[in-house]
Amino acid sequence: MEVVCLLRIVESVKLCRGFQVLVEIVGKEFSGVRIIVCVDNRMGVCFNGRRVSRDRMVSGDILEMTRGNVLWMAPGSDKLFEEVFKAKEEVCRETGTGKKMQDAGRPEDEKKWKVDRDFLEKAEEEDFCFVEGENLAGYEGKITEIVLYKWNRDYPADVFFEVDLSKWRLEERKEFSGYSHEKITKEIYNRQGVL
Amino acid sequence: MKKKIGKMRGALLLVCALFLTACGAGGTDAQSVSYGDSQATVIERQLGSGENESAAGGSQEPVSATLDNIPAYSGTPYVVIDDNEPDFTEDELTDQSYESYSDQDELGRCGVAESSIGTDLMPTGKRGKIGQVKPSGWQTIKFDNVDGKYLYNRCHLIGYQLTAENANEKNLITGTRYMNVDGMLPFENMVADYIKETDNHVMYRVTPVFEGENLVASGVLMEAESVEDHGEGVKFNVYVYNVQPGITIDYATGKAALSDADASAGTGKNSGNTEEKTYVLNENTKKFHTPECSGVKDIKEGNKKTFTGSREELIKEGYSPCGRCKP
């Protein structure tokens, strides 16, 4: 999904850590990054340095959604996607399909995954960022779309997703069954109005 | 499926009282624990002081204390022990499924329950009736300020969703609704979903902690570590308080009453919870802070609210204190 914000006014954007950045992009086309986060019922993301949960159906959905775009993530997160990718490869091998990855997933996926500790810094326009325990302080103004996967479960958490969604517009919601979760809700939010 | 019920190392009795004192107070005395008739084992656990982060701002600092110096309940259903490092030995971590429950002691109290949980132990059907079991200290008491009215649940040490134990009296204790649902259940969910997703095993141990000859546990120690990935997926060590906000419990008998103005929930200590003060609330995370807390600046304006009133009032409304400023 392409998100383009046309900024026509000078706006002061307050960032998470209390400092301010003056955005003076008048008449310029501006589009930022899209982040993907998985949360529990209280917006918990991680506990004790580990993700609160995981589901291969979510990983597969993310790969599908980000097809054709760059998907950034931190070291450690890529394991979730490699497992899904390998499983698809295995299915192709077993079924003997010569078309291999074309049917199973995205042949360009491996090239498009970018794993970097500073991925929030390096992500460019239109890129997706899979966020787990990363601190979004200082990056909120760069985000134009938020994709939330809700586990619909209570887990313990000590890292929370704290972006105030009341300033964002819910564009899309769908529910689906996970592999290990009864019901997963996917919500896509866009930033309302100008930055 | 292979179950080893009864393989247990004997009822775990805490031979010395577990004093619930404020964080940082007291010395470094070890906790004495005896396993059945075997000689007493001394455990000393120093909690870590790692740093927890919060996506987009907030934070919750871990508590530093020893197991015999667990901080008084202060609004959060559990406290992290030993920087979340469980106390399993290498020999205990096994990828062979089993479960084991202690025999009850002479007071009818449950002891340690442990399991290497795999998908083969998990339930395939809905839970059956357990109402016929009367755990030690059991009372049927209702309060309007308790979710579902009933103060006590027959609380599984190892949750049904993990090992499919129904009315096993060695696995059921008298636990508050709050401990059961807000304290233990989230950890059980995390373990259950991880096992279902990965088909790995999780080494899991729940130890009920009784003070002296009390019939109702003060809380439970929950330890878990995923086996095949050496704790990469799941690892925790927490103490969950057997308290109910707004209710004072007599842990010797299980009798309970609405907390009066000067009683703090669960510990019997006067912590001044009803004193009116000004707090800053984060309506998103349901945390409350002192106005001076460094975490306040990270709260989004839309989520921030100033509140003047008692701490107890906030806790009753579902708020929990910030781990940084400890209001």
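Fair warning: this is a prediction, and the values are worked out from it, not measured in the lab.

Let's talk about the overall build of chain B
Then, number 1: Secondary structure assignment for chain B yields three helices and 17 strands.
Then, number 2: Across the 327 residues in chain B, those meeting the buried criterion constitute 50%.
Then, number 3: Long-range pairs, those at least 24 residues apart, make up 66% of the contacts in chain B with a sequence separation of at least 6.

Details of the interface of chain A and chain B
Then, number 1: With 34 residues of chain A at the interface, the matching set in chain B holds 28 residues.
Then, number 2: Here the side of chain A that touches chain B is composed, by residue class, of 14 nonpolar, eight polar and 12 charged.

Overview of the sheet that holds strand β12 (residues 159-160) of chain A
Residues and elements named next belong to chain A.
Then, number 1: Read from one edge of the open sheet, three strands run β7-β6-β12, paired in antiparallel fashion. The open sheet has two edge strands with one neighbour each: β7 (50-51) and β12.
Then, number 2: By the bridge criterion, two bridges tie strand β6 (residues 44-47) to β12 in an arrangement that is antiparallel. Each residue of the ladder has a partner; that of Cys46, found in β12, is Val159.

Overview of helix α2 (residues 177-198) of chain B
Residue and element names in this part refer to chain B.
Then, number 1: Taking 1.5 Å as the rise per residue, α2 with 22 residues should run 32 Å; its terminal C-alpha atoms sit 30 Å apart, in good agreement.
Then, number 2: The sharpest bend along α2 measures roughly 45 degrees and falls at Met184, with the proline Pro186 sitting one to four residues further on.
Then, number 3: Of all 22 residues in α2, 18 are buried, a share of seventy percent or more.
Then, number 4: Looking one or two places after α2, you find Asp199, whose phi comes out positive at around 65 degrees.

What to know about the nonpolar core
Then, number 1: By size, the foremost hydrophobic cluster in this structure holds 103 residues, and its most contacted members are A:Val37, A:Val45, A:Cys129, B:Val191, B:Val202 and B:Val238.
Then, number 2: Every residue in contact with A:Cys129, bar those within four places of it in the chain, is listed here: A:Val33, A:Ile35, A:Ile36, A:Trp72, A:Phe119, A:Leu120 and A:Ala123.

Quick notes on the sheet that holds strand β15 (residues 287-289) of chain B
Residues and elements named next belong to chain B.
Then, number 1: If you trace the four strands from one edge of the open sheet to the other, you get β16-β14-β15-β17, paired in mixed fashion. Each of the sheet's edge strands pairs with one partner strand only, and the pair in question is β16 (304-310) and β17 (320-321).
Then, number 2: In terms of strand pairing, strand β14 (residues 276-282) meets β15 through three bridges, oriented antiparallel. Each bridged residue has a counterpart across the sheet, and for Leu281 the counterpart in β15 is Phe288.

As for the pairing of strand β7 (residues 152-156) of chain B
Residue and element names in this part refer to chain B.
Then, number 1: The element β7 is largely enclosed, with a buried count of four among its five residues.
Then, number 2: As paired strands, β7 and strand β8 (residues 172-176) are joined by five bridges and run antiparallel to one another. Looking across to β8, one finds that Asn153 is bridged to Gly175.

Some remarks on the confidence of the model for chain B
Residues and elements named next belong to chain B.
Then, number 1: The pLDDT averaged across chain B works out to 78; a share of 74% of its residues lies at or above 70.
Then, number 2: Every residue in residues 1-66 scores below 50 in pLDDT, and together they form 166 contacts with partners more than four places removed in sequence or on other chains.
Then, number 3: For the stretch residues 261-272, pLDDT sits under 50, and the model shows 24 contacts to residues farther than four places along the chain or on other chains.
Then, number 4: The ipTM assigned to the predicted complex is 0.78, against a pTM of 0.71.

Things to note about unusual backbone geometry
Then, number 1: Although it is not a glycine, A:Glu126 sits at a positive phi angle of roughly 80 degrees.
Then, number 2: With respect to the secondary-structure elements, A:Glu126 resides in the loop between α5 (119-122) and β10 (128-131).
Then, number 3: Given 18 C-beta atoms within a 10 Å radius, A:Glu126 is considered partly exposed.
Then, number 4: Phi is positive for B:Asp83, close to 55 degrees, though the residue is something other than glycine.
Then, number 5: One can find B:Asp83 in the loop between β4 (78-80) and β5 (98-101).

Details of the environment of B:Val206
Then, number 1: With respect to the helices, strands and loops of the structure, B:Val206 is situated in strand β9 (residues 202-209).
Then, number 2: For the pair B:Val206 and B:Ala113, spaced 93 residues apart in the sequence, the C-alpha separation amounts to 5.4 Å.

With respect to the pairing of β14(B)
All names here are of chain B.
Then, number 1: Two strands pair when backbone bridges link them, and β14 and β16 are joined in this way by seven bridges, in the antiparallel orientation. When the bridges of β16 are listed, Lys277 appears paired with Gly309.
Then, number 2: The loop that links β14 with its antiparallel partner β15 comprises four residues; one of these, Lys286, has a positive phi angle of about 60 degrees.

Looking at the environment of A:Phe130
Residue and element names in this part refer to chain A.
Then, number 1: Mapped onto the fold, Phe130 is located in strand β10.
Then, number 2: For Phe130, a count of 24 C-beta atoms within 10 Å gives the class buried.
Then, number 3: Distance from Phe130 to Ile62, taken between C-alpha atoms, is 8.9 Å for residues 68 residues apart in sequence.
Then, number 4: If we ignore the near neighbours within four places in the chain, the residues touching Phe130 are Ile36, Ile62, Leu71, Trp72, Met73 and Ser77.

Thresholds, definitions, all that
- Numbers given to residues run from 1 along each chain, matching the order in which its sequence is written.
- Here the convention is simple: chains get letters from A, ligands get numbers from 1, in the order in which they are written.
- In keeping with the model being predicted, local features are shown solely for residues with a pLDDT of at least 70 and side-chain atom pairs are shown and tallied solely at 80 or more, while totals for entire chains, interfaces and linings include all residues.
- We count a stretch as a helix when DSSP gives it H or I for four or more residues in a row; a strand needs E for two or more, and each element gets its number in order from the N terminus.
- Residue burial is a threshold on neighbouring C-beta atoms within 10 Å of the residue's own C-beta, all placed from the backbone, with 20 or more meaning buried, 12 or fewer meaning exposed, and counts in between meaning partly exposed.
- For every residue pair, C-beta atoms are placed from the backbone, and the pair is scored as a contact if these atoms sit within 7 Å.
- Gly is placed with the polar residues, together with every amino acid not listed as nonpolar (Ala, Val, Leu, Ile, Met, Phe, Trp, Tyr, Cys and Pro) or charged (Asp, Glu, Lys and Arg).
- Note on pairing: DSSP must find at least two bridges between two strands before they are called paired.
- Here the expected length of a helix is defined as 1.5 Å per residue gap, with one fewer gap than residues.
- Note on bend: at a given residue it equals the angle between the axes fitted to the 7 residues ending there and to the 7 starting there.
- Structurally, a nonpolar core is described as a collection of buried Ala, Val, Leu, Ile, Met, Phe, Trp, Tyr and Cys residues joined by way of C-beta atoms within 7 Å.
- Per-residue confidence from the predictor is reported as pLDDT, a score between 0 and 100.

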